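A closer look at the structure
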Amino acid sequence: MKVSSVPFKGTKDQEAKLLEVIAKYKGQKGALMPIMQEAQNIYGYLPYQVQKIISDETGIPIEKIYGVATFYAQFSMSPKGKYIVAVCLGTACYVKGAGKVLEEVEAKLGIGDGECTPDGKFSLEVCRCVGACGLAPVMIVAGDVYGKMTPDRVEGILAKYE
Ligand code: FES
């Protein structure tokens, strides 16, 4: 999992909620997982700054928290962008050139799988078959399906999302 370069925009309100959650579980055995789950619900993801608060308040080393955050797929250290761009790399899409489409999306957005652009606009997710193999290769932006994708269409499609 890659660490997000998106500026952290946590509010005092979110921090107060997180401190409440920590106070609720503090000292209990196995407290870390529920704290991290609730922290992710509050912030939408688990950036370093949130991990640091958890570490400072619980005394659990930050390395351990980071390890748990990277190990479990349910935790994300990148925020979700306003628009989610999904590129299907399932077999049908892959053999029809989805790899090239993905490369173009990565180049245009400057991010990789699981990351979010610094302006918070797009996040990129590589996915497996989305059940539209007849349209391969498939790219989905904010729920809109684009079939028979070619790398040269990527820029124009992304430009539609403001
Ligand atoms: S493999 Fe991409 S839609 Fe099925």
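What you see is a predicted model, and the numbers here were worked out from it, not measured in a lab.

Turning our eyes to something else, we now look at the overall build of the protein. Of the regular secondary structure elements, the protein holds seven helices and four strands. Going from N to C terminus, the protein has its helices and strands arranged as α-α-α-α-β-α-α-β-β-β-α. When the backbone C-alpha atoms are referred to their principal axes, the protein occupies close to 55 × 30 × 20 Å. Taking all 162 residues of the protein together, 25% fall into the buried category. Long-range pairs, those at least 24 residues apart, make up 62% of the contacts in the protein between residues at least 6 apart in sequence.

A word on the sheet that holds strand 2 (residues 122-127). The four strands lie next to each other as 2-1-3-4, forming an open sheet whose pairing is mixed. Each edge of the open sheet is held by one strand with a lone partner, namely strand 2 and strand 4 (144-146). For this sheet, the mean inter-axis angle between neighbouring strands, taken without regard to orientation, is 20°. Pairing of strand 1 (residues 83-88) with strand 2 involves six bridges; the strand directions are parallel. If you follow tyrosine 83 over to strand 2, its bridge partner there is phenylalanine 122.

Attention now moves to the packing of helix 6 (residues 98-109) against helix 7 (residues 151-159). The description of two packed helices rests on the angle between their axes and on the distance between the axes. Contact geometry for helix 6 and helix 7: axes closest at 8 Å, N-to-C directions at 40°. One element, helix 6, and the other, helix 7, form an angle in the oblique class. Both helix 6 and helix 7 take part in a crossing whose hand is right-handed. Facing Lys100, Val101, Glu104, Val105 and Lys108 of helix 6, the residues of helix 7 in contact are Pro151, Val154, Glu155 and Leu158. The residue inventory of the contact of helix 6 with helix 7, partitioned by class, reads five nonpolar, no polar and four charged.

One broad trend across soluble globular proteins is that nonpolar side chains are buried collectively. Within the largest apolar cluster, 18 residues are counted, with the highest numbers of intra-cluster contacts made by Val85, Val87, Ala98, Val101, Val105, Val138 and Met139. Contributions of two or more residues to this core are made by strand 1, helix 6 and strand 2. If you tally residues by element for this core, the top one is helix 6, at four residues. The residues contacting valine 87, other than those within four sequence positions of it, are Ala98, Val101, Leu102, Val105, Val126 and Met139. Within the second largest apolar cluster, twelve residues are counted, among which are Ile35, Leu46, Ile54 and Ala69.

Positionally, glutamine 14 belongs in helix 1 (residues 12-25). When the 16 C-beta atoms within 10 Å are taken as the criterion, glutamine 14 is described as partly exposed. Counting along the chain gives 29 residues from glutamine 14 to tyrosine 43, while the straight-line C-alpha distance between them is 7.0 Å. Those residues in contact with glutamine 14 that lie beyond four places of it in its chain are Ile42 and Tyr43.

This part is about the pairing of strand 1. Two faces, one strand: in a regular strand the side chains alternate between the faces of the sheet. As judged from the three bridges shared by strand 1 and strand 3 (residues 139-141), these two strands associate in the antiparallel manner. Its bridge partner lying in strand 3, valine 87 is registered against methionine 139.

With that settled, consider unusual backbone geometry. Here the residue pair alanine 136 and proline 137 is connected by a cis peptide bond, since its omega of -10° sits within 30 degrees of zero. Relative to the helices and strands, proline 137 is located in the loop between strand 2 and strand 3. Non-glycine residue alanine 142 carries a positive phi angle of around 50°. If you trace the backbone, alanine 142 turns up in the loop between strand 3 and strand 4. The backbone of lysine 148 shows a phi angle near 50°, a positive value even though the residue is not glycine.

Rules used in this analysis
Residue indices follow the written sequence of each chain, beginning from 1 at its first position. The model is predicted, so local features are restricted to residues of pLDDT at least 70 and side-chain atom pairs to those at 80 or more, both for listing and for counting; the totals for chains, interfaces and linings are taken over all residues. The numbering of helices and of strands both runs from the N terminus, where a helix is a DSSP run of H or I of at least 4 residues and a strand a run of E of at least 2. Counting other C-beta atoms within 10 Å of each residue's C-beta, where C-beta atoms are placed from the backbone, gives the exposure class: buried for 20 or more, exposed for 12 or fewer, partly exposed between. Note that contacts rest on C-beta atoms placed from the backbone: two residues are in contact if these are within 7 Å. Strand pairing is assigned whenever DSSP identifies at least 2 bridges connecting the two strands. Here an angle of 0 to 180 degrees is reported between the N-to-C directions of two axes, which are lines fitted to C-alpha atoms, with helices fitted over the stretch in contact. With respect to orientation, any angle under 35 degrees is reported as roughly parallel, any angle over 145 as roughly antiparallel, any angle of 65 to 115 as roughly perpendicular, and every other angle as oblique. In a left-handed crossing the near helix is turned counterclockwise from the far helix by less than a right angle, and in a right-handed crossing that turn is clockwise. Residue type decides the class: Asp, Glu, Lys and Arg count as charged, Ala, Val, Leu, Ile, Met, Phe, Trp, Tyr, Cys and Pro as nonpolar, and the leftover types, Gly among them, as polar. To define a nonpolar core, we join buried Ala, Val, Leu, Ile, Met, Phe, Trp, Tyr and Cys residues through C-beta atoms within 7 Å and take the resulting set.

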